[in-house]
Structure formats: C-alpha cells, structure tokens
Amino acid sequence: MGYEEVMEKVTEIAREIFEDEELVLKDETVAADVDGWDSLTHLALMNEIENEFEIKFQMKEVQGIKNVGELVRVIVERIS
Amino acid sequence: MTFTSLEFIFIFFPLCIAGYYLLPKKCRNYFLLAASLVFYAAGEWKRMYILVAGIIVNYVFGLLLSREYKAKKAKLLILISSIIYNFGILFYYKLLLYRYGSGVILPLGLSYFTFRTVSYCLDVYWEMMPANKNIADVALYISFFPQISMGPISSYSDFARDMYERSFDTRLFLDGVKRIIMGLFKKLVIANSLVGLVDASFNMDPASRSISLAWLGLIAYLIQLYFDFAGYSDIAIGLGGMFGFTLPENFNYPYAASSLKDFWNRWHMTLGAWMKSYIYIPIFRACQGKKMKQLTCYLLGSLGVWLFSGAWHGVGMKTIYFGLYYFLFIAGERLFEDWKKARRKKLGLKKRPDTLLEKTGAHIYAAVFILIGQLLFKCQSVSQYVGYLGSMLGITGNSANQTETYFYLKQDIVILVIGGIFSFPLIPFATKRIKAAGGEKVIKALSPVVYLVLFLISLAFAFTSTYKSFVYFMF
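Rules used throughout
Residues numbered from 1 in each chain as written. Chains lettered and ligands numbered in written order. Predicted model: local features only at pLDDT ≥ 70, side-chain atom pairs only at ≥ 80, totals over all residues. Heavy atoms only, no water. Salt bridge = Lys/Arg side-chain N within 4 Å of Asp/Glu carboxyl O. Helix = DSSP H or I, 4+ residues; strand = E, 2+ residues; numbered from the N terminus. Buried < 20%, exposed > 50% of the residue type's maximum accessible area, 1.4 Å probe, protein only. Core = buried A, V, L, I, M, F, W, Y, C linked by side-chain atoms within 4.5 Å. Contact = heavy atoms within 4.5 Å. Polar contact = N/O pair within 3.5 Å; in protein donor to acceptor, adjacent residues only side chain to side chain. Nonpolar A, V, L, I, M, F, W, Y, C, P; charged D, E, K, R; others polar.

## Points about the pattern of salt bridges
- Evaluation of the coordinates by the stated rule reveals 22 salt bridges over all chains.
- In this structure, A:Glu19 engages B:Arg344 in a salt bridge whose closest nitrogen and oxygen atoms are separated by 2.7 Å. Remark: B:Arg344 occurs in helix α15 (residues 317-347) and A:Glu19 occurs in the loop between α1 (3-17) and α2 (39-53); the pair is interchain, linking two chains.
- Residue B:Glu249 pairs with B:Arg179 through a salt bridge whose shortest N-O separation is 3.0 Å. With a gap of 70 residues between them, B:Glu249 in the loop between α11 (211-242) and α12 (260-266) and B:Arg179 in helix α9 (residues 170-191) connect regions that are remote in the sequence.
- The class for B:Glu249 is partly exposed, based on a relative accessible area of 37%.
- Here the salt bridges share partners, and the residues they tie into one network are A:Lys60, B:Glu68, B:Lys75 and B:Glu127.

## Section: the nonpolar core
Residues and elements named next belong to chain B.
- Of all hydrophobic cores here, the largest spans 168 residues; its most connected members are Trp-274 and Tyr-472.
- Sorting elements by how many residues they give to this core places α11 first, with 19 residues.
- The residues contacting Trp-274, other than those within four sequence positions of it, are Phe-87, Phe-115, Val-118, Ser-119, Ile-153, Ile-279 and Phe-308.

## Looking at the interface of chain A and chain B
- Taken together, the contact pairs 19 residues of chain A with 22 residues of chain B.
- For the pair chain A and chain B, the number of links is six salt bridges.
- The interface formed by chain A and chain B holds seven residue pairs in polar contact (both at pLDDT 80 or more) in total.
- Listing elements by their share of the side of chain A that touches chain B, those giving two or more residues are α1, α2 and α3 (59-64) of chain A.
- For the side of chain A that touches chain B, the leading source of residues is α2(A), giving eight residues.
- Classifying every residue of the side of chain A that touches chain B gives eight nonpolar, four polar and seven charged.

Interpretation note: all reported values are geometric properties and have no functional meaning in isolation.
Next comes the structure, spelled out in structure tokens:
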C-alpha cells in the first residue's frame, strides 16, 4: 500500500473518530488543527489504525509523532 | 531563598544574569548548573545529598536503560528499579508527614525533581531521547534553579532541546523581564495580602463563622491559591526566558473553565501533562493491548491519574477523597459526552456548537464544583471540610453576618477586585480590542511605565512582607 492509499484510509478513520465527514488531513496537519483531537481521541485513533493495518505503535510514536505526514510515513514503513 | 526574597531579587539573580552573559557560550550550561547548586544549597544544605544522589543514580540508570540486553525483561527491571528509587524517597517523606504531621518539611523541590528524574528514565526507556553521556547535563536538567522548587515541570525531551539549541532572543529576554514583574506582583501584592482573611475564616469554628465570612474566605482562598502558584510560575518562566529557555506554561485562566476536565487542563498544566505522558497513556495503551473496550481503558487510565494526583496533593484518607472527587466528575463528564455522541449518531444529527444557555450553564456548573473541590484541597481533614461547607450553607447554627466580614471586606476589597479581574482573561481581551482599534502604539508606549509601577509596588510589598512561603512548597 502506498502513501496516498494509507493517507486515504487514515482520513477515513479520522472522520469517524472526530465526527467530521468533511475532514481533510494534510501532511502538515497537527492535533491542534482538528476539532476534538485530544488525548482520548488520539489514543482511539492510534488503536483504530493499529487494528486496520495490523501494526503496533511504539510509545515514542504514540507520544512523539509531530504531524499527520509523519504518522502516515511510519505506517507505510511498518507495512512494507 | 525564594524568588520573592530580597536576597534573590538583589543579589543572586543579578549575579546570575551578569555571570551568564559575560561567559562564552560553551560555559553557560556549566554556569547555570553551578548557580542551580548554589541556589539549592542556600535553601536545603543539610539534605542536599538527596538531590546529588538523585543526579548520580539517574545518570547511571539512563546509561543502563540505553543499552541492549539479551534477557527480554532486563530493561523493564531496570526501569522499575529507577521508578521505585525515585518515588520511594518521595513516598518515604510522605509517610513521615502522615506519621508526624505538619511538623515534617519535605526537602526543597523533592516532588518536582522526582518528576524530572522519572521523566528522564522513561524518555530514555521509550527511546524518545538517547541517554545523556554528560552527567553535568543530566544534573542541569534535574536541578535547574528556576524550576526546582515548584516547577513548571518540563519533560526531559523538551528541556534537552533548549539545553543544546537555544540562542539569545531579545524578545524572549524582554518577555522574561515582564513575566518576572507580573509574577512578583501576583505573589507579593495579591496572594500574600489575602493570607489574613483566609486564615481568619478557616481558623474559626463552624458555629461562629458566619455565612458571609465563609463565602468571602473561600473566594479569597481561591484567589490566593491561584495567584500564589501562578505568580511563582510566571517568575520561573520569566527566569527561564532570560536564559534562553522556553519553559512550559502552567496556567491558562483556570477559573474561566467550562468543565472540571477543562479546569484541570488549565490548572497546574505541567503536572497534568506529566501525568498524561507517564501515567494515563501507559495505562491506556496497556489496556488497549489487552483488547479492552475504549471506555474501560479510559476509566482505568483516568483512575490511575486521579489516585496519583490525590496521593501527591495530600496525605492519609484525604488523598483518596480528593482523587475520587475529580475522577467521578471528570469520568461523568466523559460519559455525558459519549451519551451525546451516541444520541447524535442514532438520530443522524450533526455536531453543533453550544448555545449561549448551554455555555452559561457549563460555566456555572464548573464554578460551583471548582469552589467545592478547592475547599477540599484546602481543608486538612474531612471534619474541617464538612464544618466549612456547613458554615457556607448556614446550617451550623451560625449567623448570616459578623463584624469580621465588614472588616476584611473593607481591608481587602481592592485586592479582591484586582484578583478577580486578573483571574479571567479580561486584560488580553481588552488589549486585543485596543489593538484592533489602532491603539497598538499607545500600549507599546505605556507598557514600560505600567511594568515599572507594578515592579515598584511589588518591591514595597517585598520589603514589608512577613509571609515568606509558597502554598505549593509543601508538596
């Protein structure tokens, strides 16, 4: 699965969790840009992504990922 | 030596700034370390070995945690030992406090440097940061004098960035000066002035404390507590800024909160951030790993945070009550949000912004339960708490009014009003309005004068003040 596809899937999951059908994620999107992205929804998002792609994030990724672009890159790296 | 003492303002602080900027860049971290150790020794010479041992032990733990081991559990075991060592000392002193009462005084900054040592070990364990090979840098992180006595608590990852990459920034420096003046004013002029009223109200027995004095005393206490700690934090952040460090904010107008969760996102924010990173998220992730439901993970993580917070904020049974009070309210707020979300889904409704009525209701709800929660924070025992609450409600056989109310109201009215104004984001709001109306030049011209006046008033209070301590020193 390529970068674009992963981004699409992540967007789909994020729309469900943040209850926003029109949500658009970009590489530079950070938590503060998205309404409702707090620690609880962040952990829910991480969990959904883990289930969807069958991967496991490390703590440094859960707590240290800076923006959506970095998140997608980590997923791509993990599934390839 | 506290930040508001004359020896700090007129001797230690000027010497630090001068020494720091006279020295070449590569010596500056060493200079700050030396200054921090002098600062600590001046306040806590006898038990300074606890800090020094903490530095050495955690430096070694850091190195051990950054190595690879054949045995799978070896690293985890080292991590657990480090946590037991660091929290063990804090726990020991809390036990002494429980056993012998308030005569026991915690070593200066013990809680705050414990948060830092644990942060260091966990950041290294999680590979968020490499272990530091230079013991002087680890020592600076643990003992940095602007933060050691009462925070704000920086995570190791954040502090390390500034430790190596900061450069002189005029704006940060000048904002630092302003923050220090603001902090001195908050602490010396506002918080300290209300001590008399607060003590008078809380030391009275429930039957002789009138309803009016009970309310006045509690409101004064809320203002005192906030300005005491926020004033200290301003000074700490300002000091850090003058040395080129961007320290994290600790307060964001907590009394303007719209829920108890919101309150704790605005009050002692760095403790909240610390508990989130090192308690809540690890518990939550462990539960997710066990395939538990999202709500169960949330409740367990949250319970962990509040039991810890309770234990940190007090001793004995009170710790449990304090923790459970906030846990139940905040979990309740979460369940209410979940219920609203489920209902929206069921009815196919969209998320909409709150109406004015809902917003007002939320603020009133938050104000009432913050008031009751802070009362619990202040009271030494449950009986004192019940007695005080009884006085407020007028069910202790007390009168509605008494002469003390008028006396203190007359004495402290100016401070209470200023405190009230500064407790809500009215000044930033007004400044924004004035700027929008083209008054930016006026603000720029007036600002130095205002700060000078605030500084002079604060100094006058520093010279006459007899109350030397800070509320949060006792933790």
